[in-house]
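# Understanding the architecture of this molecule
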Amino acid sequence: WSMFSSFKTVLHNLFYEAYIMYQLDWYDSARKYFWTIILAQNPLPFLLWPLTLLSLIITHPNDTLYKLRFFCVIYASVIMISLIPYKQVFPYYMLTTLPAFLLLYAAFFSWLNAVFTCRSEIKILINKKFLQPLLFVYYFIFIYLALGLALPKPYWIILLIPILLSEFITSQSNKINQCFPTIILLIILFIGFIYPLAVFAILMPNKNGSYQKSVLNLAHQLLKSDANYLAGIELFYDKNQPIPGLRHLDSPQIGYLHHPTEKLRPVMMDSLYHAPVTTTQVLQSLQQSNIKFYINNYRMIALPEEIKQFLNYNYEKFWGSIYLYAPSIPKGKNYYYLKFSGTYQIQSPVQIKLNQITLQPNSLIELNKGSYPFQSTVTFRMKLIPNSNMNLSNEEDKWWKMLA
């Protein structure tokens, strides 16, 4: 990558920016919410992890993989322990655990299989008296998380795994323990696969992306070479948003727009599409830009009130979450610059004059972009009407679905 940019740029992006983001505590208040989602949707990999430490204190004479298992468990545990205090635990960040979990559970289940097949030769590397206290620590941590994060009740079945495993290892009765491996494997199968898949199947209908797809397809049709859009996040690979400070409206950027602070200033980095701009600077950029429409979503709703007033004053709902150019023109006799050529609808309760031509309410007129003299006794809108070939039924603004 240094061949295409510079060594300094690569170092800056890999280390300095990561360090700056790690220092940011903006999302610290949401850690409980994020961890609830992570543990509720991925119960077995995370909640079973502390139990894998048993594979380090229980072995057997033919355990040739102990050193490799030791490395896998310690490696995965270091990654997990590093993630626990992390302040920005977005659920998708947990993808970093996949390589660690693949190593960890390959080693753990290989050990578990060996324990099941050679129970009589098992060696416990610590005093058996310490085994139960260690498991009680696991019980306490699990119960604390299950109650504190209100995890689904079926997940409590996981507690049976250490109980049965401990009984299988320490008990001398073969008859009682014969069914324990099967029960443990059934619990793992249920919690690790069947239950999450059932939850996934229930949630999927609510994740239908048809509305989002329809909005994006229509928005792409509206974009032309001289037109731009706003959405608070980049939505099209071939068209970037032009307003600095509005390209990536995550919480730090929105917070900076509301209250610019030195604490947030280092996070305003170009690589994140951030910009250390004020609300006044954003409004100036909006005045000078060719924003044809904006797409409403929870990020746009979180903008400072002054910016939202500007958008309400210059744009009107077109279809779904798309708000199209429709500037409000003040009453009186003045000039107004229209940013786009096309058909405009006069939205006024009374007639107005344009270039000394009297226009009735709701009348349509074809205009090129440019400055025009207007005269009216009331404030009115000039609503841009797109291509007449677009046959659209009415669709309410489902803004919550746009970035779900």
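Our structure is the block above this text.
Quantities reported herein were computed from a predicted structural model and do not represent experimental measurements. (Residues numbered from 1 in each chain as written. Predicted model: local features only at pLDDT ≥ 70, side-chain atom pairs only at ≥ 80, totals over all residues. Heavy atoms only, no water.)

### Some remarks on the overall build of the protein chain
As a reminder, the rule being used: Strands here mean DSSP runs of E at least two residues long; helices mean DSSP runs of H or I at least four residues long; both are numbered from the N terminus. Radius of gyration: over C-alpha atoms. The globule rule applied is 2.2 Å multiplied by the number of residues raised to the 0.38 power. The classification of residues rests on relative accessible area computed with a 1.4 Å probe and restricted to protein chains. Under 20% of the type maximum is buried, over 50% is exposed, and intermediate values are partly exposed. The contact rule is simple, with two residues in contact once any of their heavy atoms fall within 4.5 Å. Here the open area of atoms and residues is found with the Shrake-Rupley method and a 1.4 Å probe, where only the protein chains shown may cover a residue.
When its secondary structure is counted, the protein chain shows 15 helices and 14 strands. Here the C-alpha atoms of the protein chain give a radius of gyration of 30 Å, more than 25% beyond the 22 Å that 2.2 N^0.38 yields for 404 residues. Each principal axis of the C-alpha distribution contributes one length, and for the protein chain these read about 105 × 50 × 35 Å. When the 404 residues of the protein chain are sorted by exposure, 44% land in the buried category. The long-range fraction of contacts in the protein chain, counting pairs at least 24 apart against all pairs at least 6 apart in sequence, stands at 68%. Surface accessibility of the protein chain: about 22600 Å² in total, with carbon and sulfur atoms responsible for 61%.

### What about the sheet that holds strand β5 (residues 315-319)?
Note the cut-off: The pairing criterion for strands is at least two bridges between them, as found by DSSP. Fitted lines through C-alpha atoms serve as axes, helices being fitted only where they are in contact, and the angles separating the N-to-C directions of these axes extend from 0 to 180 degrees.
Pairing in this open sheet of 4 strands is mixed, and the strands run β3-β4-β6-β5 from one edge to the other. The sheet is open, and its two borders are formed by β3 (228-230) and β5, each paired with just one other strand. The sheet shows a mean angle of 35° between the axes of neighbouring strands, direction not considered. Sheet analysis places β3 next to strand β4 (residues 291-295), joined by 3 bridges and oriented parallel. Of the residues in β4, the one forming a bridge with L230 is Y294. Each of β3, β4, β5 and β6 (322-325) is contacted by helix α15 (residues 305-314), which is oriented at about 65° to β5, the strand it contacts most.

### Some details on unusual backbone geometry
If you check the backbone angles, A150 has positive phi at about 50° while not being a glycine. Along the chain, the position of A150 falls in the loop between α7 (131-148) and α8 (160-170). Of note, the phi angle at N362 is positive, near 70°, even though the residue is not glycine. By the element assignment, N362 lies in the loop between β11 (357-359) and β12 (364-367).

### Observations regarding the packing of aromatic side chains
Going by this rule: Note on ring pairs: Phe, Tyr and Trp rings are taken, using the six-membered ring of Trp, and paired if centres are within 6.5 Å. Classes follow the plane angle, with under 30 degrees stacked, over 60 edge-to-face and the rest tilted.
Scanning the model with the defined rule gives 32 aromatic pairs in all. Between the aromatic rings of W1 and F4, the centroid separation amounts to 6.4 Å while the plane-to-plane angle is 55°, which identifies the pairing as tilted. Taken together, the ring pairs connect Y27, Y33, F34, Y86, F90, Y92 and Y93 into an aromatic cluster.

### A closer look at the sheet that holds strand β13 (residues 370-376)
If you walk across this open sheet you meet the 4 strands as β8-β13-β10-β11, and the pairing is antiparallel. The open sheet has two edge strands with one neighbour each: β8 (332-338) and β11. When strand polarity is set aside, the average angle formed by the axes of neighbouring strands in this sheet is 30°. Pairing geometry for strand β10 (residues 352-354) and β13, over 2 bridges, is antiparallel. Counted as the bridge partner of K353 is Q375 from β13.

### A look at the layout of surface pockets
The condition that has to hold: Here a cavity is any set of points on a 1 Å grid over the protein atoms alone where a 1.4 Å probe fits but cannot get out, and a pocket is any open set with protein on both sides within 12 Å along at least 5 of 7 lines; a residue lines the site when it has an atom within 4 Å of a point. Grid points are joined across faces, edges and corners, and a volume is the space filled by probe spheres set on the points. Under the grouping applied here, Gly and all other residues not named as nonpolar or charged are polar, the nonpolar ones being Ala, Val, Leu, Ile, Met, Phe, Trp, Tyr, Cys and Pro and the charged ones Asp, Glu, Lys and Arg.
Computed from the structure, the second largest pocket encloses a volume of approximately 600 Å³. W49, P50, I84, I141 and L145 are, among the 23 residues lining the second largest pocket, the residues nearest its centre. At the level of elements, α2 (31-41), α3 (43-47), α4 (54-57) and α7 are the ones that each hand at least two residues to the lining of the second largest pocket. In terms of residue count, α7 provides more of the lining of the second largest pocket than any other element does, 8 residues in total. Residues belonging to the lining of the second largest pocket are distributed by class as follows: 21 nonpolar, no polar and 2 charged.

### Comments concerning α2
Definition in use: Comment: arc refers to directions from the helix axis out to C-beta atoms.
Taken together, the buried positions of α2 are occupied by F34, W35, I38 and L39. For α2, the buried positions fall inside an angular range of 125° around the axis, keeping them on one side. For α2, the exposed residues lying more than 90 degrees away from the buried face are K32 and Y33. In the core, the buried residues of α2 are packed alongside α3, α5 (66-83) and α7.

### Digging into the pattern of salt bridges
As a reminder, the rule being used: Any carboxyl oxygen of Asp or Glu within 4 Å of a side-chain nitrogen of Lys or Arg constitutes a salt bridge here.
All told, the structure shown has 7 salt bridges when counted by the stated rule. Put simply, D63 and R69 hold a salt bridge, and the shortest N to O gap is 2.5 Å. The salt bridge partner of R247 is E234, with a shortest N-O separation of 2.6 Å. With R247 in the loop between β3 and α12 (251-258) and E234 in the loop between β3 and α12, this residue pair connects regions lying 13 residues apart in the sequence. One connected set of salt bridges, linked through shared partners, spans E316, R381 and K383.

### Some words on the pairing of strand β9 (residues 342-347)
Across 4 bridges, the pairing between β9 and β12 is antiparallel. By the bridge assignment, T343 is partnered in β12 with E366. Of the pairings in the sheet, the one linking β9 to strand β14 (residues 380-385) comprises 5 bridges and is antiparallel in character. Directly across from I346, in β14, lies its bridge partner M382.

Honestly, that's just the spatial picture; any functional story needs more than this.
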